[in-house]
Amino acid sequence: MEEMNNICQSCAMMMKETDHGTNADGSACEDYCKYCFADGEFKKQSTMEEWIEDDIRFWIGEDCKTPEEAREKMRKVFPTLKRWRKE
Ligand SMILES: [Zn+2]
């Protein structure tokens, strides 16, 4: 098993080796998962807020029992990711 501790820099998903997206040249993209990024492009263009609302259902679980908790957590995590970070 490959030891990988990457999270997607767009959606914060934990990525296994097979979860990485692809660059335009077909190589594996280090930063983004295949659900966010394929062939060198983001699959979905949206603002961070839109993204959070769309993805909230995936964050409800052990840590976040309600949509409100999930939203709060995402609002902390997402601005630290490369895609959403403001330089
Ligand atoms: Zn992703």
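Refer to the preceding data block for the structure.
Described in the following lines is the structure provided in the data block.

The rules behind each value
Every chain is numbered independently, its residues counted from 1 as its sequence is written. A pLDDT threshold of at least 70 governs which residues receive local features in this predicted model, and a stricter bar of 80 or more applies before side-chain atom pairs are shown or counted, although totals over entire chains, interfaces and linings include all residues. Working from all heavy atoms in the structure, the side-chain values ignore hydrogens and water. Each metal site is built from N, O and S donor atoms within 2.8 Å (3.2 Å for Na, K and Ca), and since water is not included, such sites may look incomplete. Key to geometry: four donors with every angle between 85 and 135 degrees are tetrahedral; four donors are square planar and six octahedral where opposite donors lie over 155 degrees apart and all remaining angles lie between 65 and 115; all other sites are irregular. Under the DSSP-based scheme used, a helix requires at least four consecutive residues in state H or I and a strand at least two consecutive residues in state E, with every element numbered from the N terminus. Three labels apply to residues, based on accessible area from a 1.4 Å probe with only protein chains included: buried if under 20% of the type maximum, exposed if over 50%, partly exposed otherwise in between. For the purposes of this section, nonpolar cores are sets of buried Ala, Val, Leu, Ile, Met, Phe, Trp, Tyr and Cys residues that join through side-chain atoms within 4.5 Å. The criterion used for residue contact is that any of the two residues' heavy atoms lie within 4.5 Å.

## Examining the coordination of the zinc ion
So, step 1. Every protein donor of the zinc ion is accounted for by C8 (SG), C11 (SG), C33 (SG) and C36 (SG), and the metal-donor separations fall at 2.2 to 2.3 Å.
So, step 2. In this structure, the zinc ion is coordinated by four donor atoms arranged in tetrahedral fashion, with angles at the metal of 105 to 115 degrees.
So, step 3. Here the donor residues for the zinc ion map to a single chain with the spacing C-x2-C-x21-C-x2-C. Taken together, the residues span a long stretch of sequence, with C11 in the loop between β1 (6-7) and β2 (14-15) and C36 in the loop between β4 (28-33) and β5 (37-38) at a distance of 25 residues. The pair C11 / C36 is uniform in exposure class, with both members buried.

## Some details on the nonpolar core
So, step 1. The biggest cluster of nonpolar side chains holds 19 residues, and the ones touching the most others in it are C8, C36 and F78.
So, step 2. The set of elements that each furnish at least two residues to this core consists of β4, α1 (48-59) and α2 (67-77).
So, step 3. Excluding residues that lie within four positions of it along the chain, C8 makes contacts with M13, M15, D31, Y32, C33, C36 and L81.

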